[in-house]
Amino acid sequence: DTGVSQDPRHKITKRGQNVTFRCDPISEHNRLYWYRQTLGQGPEFLTYFQNEAQLEKSRLLSDRFSAERPKGSFSTLEIQRTEQGDSAMYLCASSLAGGVGSYEQYFGPGTRLTVT
Amino acid sequence: GENVEQHPSTLSVQEGDSAVIKCTYSDSASNYFPWYKQELGKGPQLIIDIRSNVGEKKDQRIAVTLNKTAKHFSLHITETQPEDSAVYFCAASKTGGFKTIFGAGTRLFVKA
(Lines give C-alpha, C1' and ligand atoms only; values in the text may rest on other atoms or scores of the structure.)
Protein backbone atom coordinates (compact mmCIF):
# COMPACT_ATOMS: atom_id res chain seq x y z
CA ASP A 1 0.00 0.00 0.00
CA THR A 2 1.57 3.27 -1.09
CA GLY A 3 -1.02 5.64 0.38
CA VAL A 4 -1.04 7.68 3.58
CA SER A 5 -1.88 5.56 6.60
CA GLN A 6 -3.11 6.62 10.04
CA ASP A 7 -3.37 4.74 13.29
CA PRO A 8 -5.63 4.23 15.13
CA ARG A 9 -8.70 4.72 12.96
CA HIS A 10 -10.91 5.29 15.99
CA LYS A 11 -10.14 6.40 19.54
CA ILE A 12 -12.52 6.84 22.42
CA THR A 13 -11.08 8.47 25.51
CA LYS A 14 -12.26 10.10 28.68
CA ARG A 15 -11.91 13.79 29.25
CA GLY A 16 -8.55 14.65 30.74
CA GLN A 17 -6.68 11.72 29.22
CA ASN A 18 -3.81 12.08 26.75
CA VAL A 19 -4.00 10.58 23.27
CA THR A 20 -1.45 10.11 20.50
CA PHE A 21 -2.08 9.51 16.81
CA ARG A 22 0.34 8.32 14.18
CA CYS A 23 0.60 9.16 10.49
CA ASP A 24 2.76 7.42 7.90
CA PRO A 25 3.02 9.50 4.72
CA ILE A 26 3.65 8.34 1.17
CA SER A 27 7.28 7.27 1.27
CA GLU A 28 8.79 9.80 -1.13
CA HIS A 29 6.80 12.76 0.25
CA ASN A 30 8.77 15.15 2.42
CA ARG A 31 5.87 17.40 3.42
CA LEU A 32 3.34 16.29 6.00
CA TYR A 33 0.22 18.09 7.21
CA TRP A 34 -2.26 17.65 10.03
CA TYR A 35 -5.87 18.82 9.75
CA ARG A 36 -8.91 18.61 12.00
CA GLN A 37 -12.38 18.03 10.58
CA THR A 38 -15.59 18.40 12.55
CA LEU A 39 -18.97 17.14 11.40
CA GLY A 40 -20.32 19.03 8.41
CA GLN A 41 -17.20 21.11 7.94
CA GLY A 42 -14.15 21.07 5.72
CA PRO A 43 -10.72 20.16 7.07
CA GLU A 44 -9.01 22.89 9.11
CA PHE A 45 -5.25 23.25 8.88
CA LEU A 46 -3.36 22.52 12.13
CA THR A 47 0.32 22.23 11.28
CA TYR A 48 2.81 21.26 8.60
CA PHE A 49 6.28 19.73 8.41
CA GLN A 50 8.92 19.78 5.75
CA ASN A 51 11.14 16.83 6.54
CA GLU A 52 11.55 16.98 10.33
CA ALA A 53 11.05 20.74 10.65
CA GLN A 54 7.66 22.02 11.81
CA LEU A 55 7.30 25.14 9.68
CA GLU A 56 3.84 26.43 10.49
CA LYS A 57 1.25 26.03 13.22
CA SER A 58 -2.31 27.24 13.22
CA ARG A 59 -3.62 29.18 16.18
CA LEU A 60 -6.10 26.28 16.44
CA LEU A 61 -3.18 24.26 17.79
CA SER A 62 -3.35 25.13 21.48
CA ASP A 63 -0.53 24.32 23.89
CA ARG A 64 -2.28 21.01 24.66
CA PHE A 65 -1.44 19.86 21.15
CA SER A 66 2.01 18.84 20.02
CA ALA A 67 3.18 17.30 16.77
CA GLU A 68 6.49 15.73 15.90
CA ARG A 69 8.18 14.22 12.91
CA PRO A 70 11.49 13.10 14.42
CA LYS A 71 13.16 11.49 11.43
CA GLY A 72 11.28 13.17 8.63
CA SER A 73 9.18 10.09 7.99
CA PHE A 74 6.16 9.28 10.21
CA SER A 75 4.57 11.90 12.43
CA THR A 76 2.70 11.85 15.73
CA LEU A 77 0.06 14.23 17.02
CA GLU A 78 -0.48 14.26 20.78
CA ILE A 79 -3.36 15.88 22.61
CA GLN A 80 -2.90 16.32 26.34
CA ARG A 81 -5.74 16.71 28.83
CA THR A 82 -8.39 16.06 26.19
CA GLU A 83 -11.60 18.07 26.23
CA GLN A 84 -14.97 17.24 24.68
CA GLY A 85 -14.36 19.96 22.10
CA ASP A 86 -11.41 17.95 20.80
CA SER A 87 -13.80 15.35 19.41
CA ALA A 88 -13.24 15.39 15.66
CA MET A 89 -11.64 13.57 12.76
CA TYR A 90 -7.88 14.17 12.64
CA LEU A 91 -6.56 13.93 9.11
CA CYS A 92 -3.01 13.61 7.89
CA ALA A 93 -1.87 14.46 4.37
CA SER A 94 1.45 14.40 2.56
CA SER A 95 2.94 15.97 -0.55
CA LEU A 96 6.16 16.53 -2.40
CA ALA A 97 8.14 19.75 -1.94
CA GLY A 98 9.07 21.33 -5.25
CA GLY A 99 8.62 20.23 -8.82
CA VAL A 100 5.64 18.74 -10.58
CA GLY A 101 2.97 17.65 -8.12
CA SER A 102 4.36 19.66 -5.23
CA TYR A 103 1.00 21.23 -4.50
CA GLU A 104 -0.96 17.99 -4.43
CA GLN A 105 -1.84 16.78 -0.96
CA TYR A 106 -2.90 13.18 -0.46
CA PHE A 107 -4.95 12.40 2.62
CA GLY A 108 -5.05 9.41 4.89
CA PRO A 109 -8.31 7.86 6.17
CA GLY A 110 -8.22 9.87 9.40
CA THR A 111 -8.43 9.09 13.10
CA ARG A 112 -11.83 9.71 14.63
CA LEU A 113 -11.49 10.90 18.23
CA THR A 114 -14.40 10.82 20.63
CA VAL A 115 -13.90 12.40 24.05
CA THR A 116 -16.51 11.34 26.61
CA GLY B 1 -8.63 36.52 7.11
CA GLU B 2 -8.40 33.80 4.52
CA ASN B 3 -11.75 32.29 3.66
CA VAL B 4 -13.32 29.98 1.08
CA GLU B 5 -17.08 29.98 0.66
CA GLN B 6 -18.80 27.09 -1.08
CA HIS B 7 -22.34 26.77 -2.49
CA PRO B 8 -24.66 24.98 -2.40
CA SER B 9 -24.31 23.00 0.82
CA THR B 10 -26.55 20.26 -0.58
CA LEU B 11 -27.23 19.35 -4.20
CA SER B 12 -29.55 16.66 -5.49
CA VAL B 13 -29.57 15.70 -9.18
CA GLN B 14 -31.00 12.96 -11.32
CA GLU B 15 -28.58 10.41 -12.74
CA GLY B 16 -27.25 11.67 -16.06
CA ASP B 17 -27.76 15.33 -15.23
CA SER B 18 -24.94 17.80 -14.60
CA ALA B 19 -23.90 19.15 -11.21
CA VAL B 20 -22.19 22.47 -10.56
CA ILE B 21 -20.55 23.56 -7.30
CA LYS B 22 -19.26 27.09 -6.86
CA CYS B 23 -16.61 28.56 -4.56
CA THR B 24 -15.23 32.01 -3.86
CA TYR B 25 -11.98 32.82 -2.08
CA SER B 26 -10.80 35.91 -0.27
CA ASP B 27 -7.00 35.85 -0.55
CA SER B 28 -6.01 37.26 -3.94
CA ALA B 29 -2.57 35.65 -3.55
CA SER B 30 -4.09 32.17 -3.78
CA ASN B 31 -2.87 30.38 -6.88
CA TYR B 32 -3.72 26.71 -6.44
CA PHE B 33 -7.29 25.39 -6.26
CA PRO B 34 -7.86 21.67 -5.63
CA TRP B 35 -11.17 19.83 -5.38
CA TYR B 36 -11.62 16.84 -3.10
CA LYS B 37 -14.26 14.12 -2.90
CA GLN B 38 -14.93 12.59 0.51
CA GLU B 39 -16.94 9.41 0.99
CA LEU B 40 -18.29 8.30 4.33
CA GLY B 41 -15.57 7.13 6.69
CA LYS B 42 -12.75 8.05 4.34
CA GLY B 43 -10.28 10.87 3.95
CA PRO B 44 -10.66 13.46 1.18
CA GLN B 45 -9.52 12.28 -2.25
CA LEU B 46 -8.04 14.75 -4.74
CA ILE B 47 -10.11 14.60 -7.93
CA ILE B 48 -8.94 17.61 -9.94
CA ASP B 49 -7.01 20.82 -9.41
CA ILE B 50 -6.28 24.04 -11.26
CA ARG B 51 -3.50 26.58 -11.05
CA SER B 52 -3.94 30.28 -11.52
CA ASN B 53 -2.24 30.37 -14.91
CA VAL B 54 -5.13 28.52 -16.59
CA GLY B 55 -8.84 29.27 -16.76
CA GLU B 56 -10.21 25.78 -17.29
CA LYS B 57 -9.19 22.17 -16.90
CA LYS B 58 -11.06 19.01 -17.83
CA ASP B 59 -10.64 15.36 -16.90
CA GLN B 60 -13.25 13.06 -18.43
CA ARG B 61 -16.60 13.98 -16.79
CA ILE B 62 -15.09 16.52 -14.43
CA ALA B 63 -14.10 20.09 -15.27
CA VAL B 64 -13.01 23.07 -13.21
CA THR B 65 -13.12 26.73 -14.20
CA LEU B 66 -11.32 29.63 -12.55
CA ASN B 67 -12.02 33.36 -12.68
CA LYS B 68 -9.15 35.09 -10.89
CA THR B 69 -10.59 38.55 -11.37
CA ALA B 70 -13.79 37.62 -9.59
CA LYS B 71 -11.98 35.22 -7.24
CA HIS B 72 -14.27 32.32 -7.90
CA PHE B 73 -13.94 28.81 -9.25
CA SER B 74 -16.39 26.05 -10.04
CA LEU B 75 -16.57 22.27 -10.36
CA HIS B 76 -18.68 20.78 -13.12
CA ILE B 77 -19.62 17.10 -13.19
CA THR B 78 -21.39 15.90 -16.32
CA GLU B 79 -23.38 12.68 -16.83
CA THR B 80 -23.60 12.13 -13.09
CA GLN B 81 -23.70 8.58 -11.75
CA PRO B 82 -24.85 7.25 -8.35
CA GLU B 83 -21.22 6.63 -7.39
CA ASP B 84 -20.61 10.38 -7.68
CA SER B 85 -22.69 10.78 -4.50
CA ALA B 86 -20.32 12.13 -1.82
CA VAL B 87 -19.23 15.35 -0.14
CA TYR B 88 -17.13 17.62 -2.36
CA PHE B 89 -14.75 20.25 -0.99
CA CYS B 90 -13.10 23.11 -2.80
CA ALA B 91 -9.91 24.58 -1.42
CA ALA B 92 -7.38 27.33 -2.04
CA SER B 93 -3.72 27.77 -1.22
CA LYS B 94 -0.71 29.87 -2.13
CA THR B 95 2.64 28.94 -3.62
CA GLY B 96 4.12 26.07 -1.66
CA GLY B 97 0.82 24.26 -1.23
CA PHE B 98 0.67 24.34 2.54
CA LYS B 99 -2.01 25.83 4.76
CA THR B 100 -4.79 24.92 2.38
CA ILE B 101 -8.10 26.61 3.21
CA PHE B 102 -11.15 24.42 2.58
CA GLY B 103 -14.75 25.29 1.89
CA ALA B 104 -17.48 23.83 4.09
CA GLY B 105 -18.40 21.18 1.53
CA THR B 106 -21.28 20.25 -0.77
CA ARG B 107 -23.18 17.04 -0.21
CA LEU B 108 -24.08 15.70 -3.65
CA PHE B 109 -26.86 13.16 -4.05
CA VAL B 110 -27.26 11.48 -7.43
CA LYS B 111 -30.62 9.75 -7.71
CA ALA B 112 -30.83 6.66 -9.89
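Just so we're clear, the structure is a prediction, and the values are computed from it rather than from any experiment.

*Asks:* Explanation requested: the overall build of chain A in the structure shown.
*Replies:* Looking only at helices and strands, chain A has 0 helices and 11 strands in total. In terms of its C-alpha atoms, chain A occupies a principal-axis envelope of roughly 45 × 25 × 25 Å. Of all 116 residues assigned to chain A, the portion counted as buried reaches 47%. Counting only contacts in chain A whose residues sit at least 6 apart along the sequence, the fraction spanning at least 24 positions is 54%. Here chain A has roughly 5900 Å² of accessible surface; of this, 44% comes from carbon and sulfur atoms.

*Asks:* Just to check I follow, could you spell out the overall build of chain B for this structure?
*Replies:* A count of helices and strands for chain B gives 0 helices and 11 strands. Expressed along its principal axes, the backbone C-alpha trace of chain B runs to roughly 40 × 30 × 20 Å. Across the 112 residues that make up chain B, the buried fraction comes to 47%. Sequence separation of at least 24 residues holds for 53% of the intrachain contacts in chain B that already meet a minimum separation of 6.

*Asks:* Help me understand the nonpolar core, please; the structure alone is not making it clear to me.
*Replies:* What tends to happen in soluble globular proteins is that the nonpolar side chains get buried as a cluster. Counting 25 residues, the largest nonpolar core has Trp35, Phe73, Leu75, Tyr88 and Leu108 of chain B as the members making the most contacts within it. Looking at this core, the elements with two or more residues in it are strand E2 (10-14), strand E3 (19-25), strand E4 (32-38), strand E5 (45-51), strand E7 (62-67), strand E8 (72-77), strand E9 (86-92) and strand E11 (106-111) of chain B. Counting 19 residues, the second-largest nonpolar core is a separate cluster that includes Val4, Phe49, Ala88 and Cys92 of chain A.

*Asks:* Where do I start with the interface of chain B and chain A in this structure?
*Replies:* As a measure of interface size, the accessible area lost when the parts come together is often cited. If you look at the interface, chain B gives 22 residues, while chain A gives 21 residues. Regarding the contact of chain B and chain A, the summed buried area is about 1700 Å², with carbon and sulfur atoms giving 55% of it. For chain B, the biggest contributors to the area lost against chain A are Phe98, Lys99 and Phe102 of chain B; these three give 27% of the whole. Where chain B packs against chain A, one counts 1 salt bridge. Here Lys99 of chain B makes a salt bridge to Glu56 of chain A, at a shortest N to O gap of 3.8 Å. Of all the secondary structure elements, the ones that give two or more residues to the side of chain B that touches chain A are E4 and E5 of chain B. Tallied by class, residues from the side of chain B that touches chain A come to 8 nonpolar, 9 polar and 5 charged.

*Asks:* Help me understand the sheet that holds strand E1 (residues 5-7) of chain A, please; the structure alone is not making it clear to me.
*Replies:* Pairing between the strands of a sheet comes from backbone hydrogen bonds, and it takes one of two forms, parallel or antiparallel. All names here are of chain A. The strand order across the open sheet formed by 4 strands is E1-E3-E8-E7, and the pairing between neighbours is antiparallel. The sheet is open, and its two edges are formed by E1 and strand E7 (65-68), each paired on a single side. Across this sheet, the average inter-strand angle for adjacent strands is 15°, counted without regard to direction. As paired elements, strand E3 (residues 19-24) and strand E8 (residues 75-79) share 5 bridges and run antiparallel to each other. Among the inter-strand pairings, Cys23 is bridged to a residue of E8, identified as Ser75.

Definitions and cut-offs
- Residues numbered from 1 in each chain as written.
- Chains lettered and ligands numbered in written order.
- Predicted model: local features only at pLDDT ≥ 70, side-chain atom pairs only at ≥ 80, totals over all residues.
- Heavy atoms only, no water.
- Helix = DSSP H or I, 4+ residues; strand = E, 2+ residues; numbered from the N terminus.
- Buried < 20%, exposed > 50% of the residue type's maximum accessible area, 1.4 Å probe, protein only.
- Contact = heavy atoms within 4.5 Å.
- Areas by Shrake-Rupley, 256 points an atom, 1.4 Å probe, with all protein chains shown as cover.
- Core = buried A, V, L, I, M, F, W, Y, C linked by side-chain atoms within 4.5 Å.
- Buried area = accessible area lost by both parts, 1.4 Å probe.
- Salt bridge = Lys/Arg side-chain N within 4 Å of Asp/Glu carboxyl O.
- Nonpolar A, V, L, I, M, F, W, Y, C, P; charged D, E, K, R; others polar.
- Pairing = 2+ DSSP bridges.
- Axes fitted to C-alpha atoms, helices over the stretch in contact; angles between N-to-C directions.

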